[in-house]
Amino acid sequence: MSILKKIAFQGEPGANSHEACRTYFPDYEAYPCKTFEEAFEAIKTGVAALGMIPIENSIAGRVADVHHLLPASGLKIVGERFKPIRFQLMANKGAKLADIKTVASMPIALSQCRNSLKKLGVATEAAGDTAGAAKDLAAKPDPTRGAVAPALAAEIYGLDILARDIEDERHNTTRFLVMTADKSPEPPPFTHRCVTSFVFRVRNLPAALYKALGGFATNGVNMTKLESYMEGGNFTATFFYAEVDGRPEDRSLALALDELKFFSEKFEILGVYPADPFRDRGA
């Protein structure tokens, strides 16, 4: 029985989220979950001490499910990690690249490797998960079939990598949030540049959103993300997920949040955490 703390992720062993867990939290045991709901529940119930949850990809955009789950989860964000996404074309032991006729993976992965796969002249087949496609191939060997998945999947399922890094865009990057069930996690050191994430819903007043956001401009606060989403199918009750530079106790951000709260009927801070250095590299 493992005595290591667990970190939950969504997907089969060998998925990109699994690679992120191994890369950034090597002292934790990665804990796979079939769905995001199960991953959140594992964190909430203490089965896992942390969670590694993807929130957006530089090509595919946001992970919609996560925005709906975050506010109601009761979890806190304690970190962010940016992971370059690299896809490998893998097959059963002994298979040759020239023999591969069909390649399986989740649709988003296939779309991100479209040009490379087109050059190979292979047919594509949708699967529910990148690592799941590799797992299925290992369970049912076929020298004419391949899978597109992270390198870790080939290691886990005993497959050969026939073509490496076949993604069409080298800037393909996924941003992950590190989650905890701790209601009052230790705040980041003041020596770190920080990000504050929060959700809000403005009051039903004319120009409420404009007025609510005005304080960020007048107080010189940099808002790096603002996304809307509906809750419960209600077209008149739009929620917003936002991220800003700084921490709530900074005077400028404190003033901006006070103005936001005045024009909002719901507001909740989801986390205050150190900014990943990748933010500066990608600037």
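Please read all numbers here as calculations on a predicted model, not as lab measurements.

(A) Region of interest: the pattern of salt bridges. In this structure the tally under the stated criterion is 20 salt bridges. The salt bridge involving E12 is made with K135; its shortest N-O contact spans 3.4 Å. Pair noted here: E12 is in the loop between β1 (6-10) and α1 (16-24) and K135 is in helix α6 (residues 130-139), with a separation of 123 residues, a long-range link. According to the relative accessible area criterion, K135 is partly exposed, its value standing at 37%. A salt bridge links R145 to E125; the shortest N-O distance between them is 2.8 Å. Of this pair, R145 sits in strand β9 (residues 145-149) while E125 sits in strand β8 (residues 123-126), and the two are 20 residues apart along the sequence. R145 sits in the partly exposed class, given a relative accessible area of 23%. Among the residues examined, E125 registers a relative accessible area of 37% and is labelled partly exposed. When salt bridges that share partners are traced, they join E56, R62, E80, R175, K225, E227, E243 and R279 into one network.

(B) Inspection of the sheet that holds strand β7 (residues 102-105) at higher detail. Across the sheet, which stays open at both edges, the 5 strands sit in the order β8-β7-β9-β6-β10 with mixed pairing between neighbours. For this open sheet the edge positions go to β8 and β10 (160-163), each flanked by a neighbour on one side alone. Direction aside, the axes of adjacent strands within the sheet are offset by 35 degrees on average. Sheet topology note: the strand β6 (residues 88-91)/β10 ladder contains 3 bridges and is antiparallel. Paired with L89 across the two strands is A163, which belongs to β10. Packing against the sheet, α6 makes contact with β6, β7 and β9, and its axis sits at approximately 150 degrees to β9.

(C) Structural context of the packing of aromatic side chains. One pass over the full model with this rule turns up 8 aromatic pairs. Ring geometry for F82 and F278: centres 4.9 Å apart, planes at 15 degrees, overall stacked. You can see F82 sitting in strand β5 (residues 76-84) and its partner F278 sitting in helix α10 (residues 278-281), a full 196 residues away along the chain. The class for F82 is buried, based on a relative accessible area of 13%. Ring geometry for F198 against F200: centres 6.0 Å apart, planes inclined by 35 degrees, an arrangement best described as tilted.

About the thresholds
- Residues numbered from 1 in each chain as written.
- Predicted model: local features only at pLDDT ≥ 70, side-chain atom pairs only at ≥ 80, totals over all residues.
- Heavy atoms only, no water.
- Salt bridge = Lys/Arg side-chain N within 4 Å of Asp/Glu carboxyl O.
- Helix = DSSP H or I, 4+ residues; strand = E, 2+ residues; numbered from the N terminus.
- Buried < 20%, exposed > 50% of the residue type's maximum accessible area, 1.4 Å probe, protein only.
- Pairing = 2+ DSSP bridges.
- Axes fitted to C-alpha atoms, helices over the stretch in contact; angles between N-to-C directions.
- Contact = heavy atoms within 4.5 Å.
- Phe/Tyr/Trp six-rings, centres within 6.5 Å; stacked < 30°, edge-to-face > 60°.

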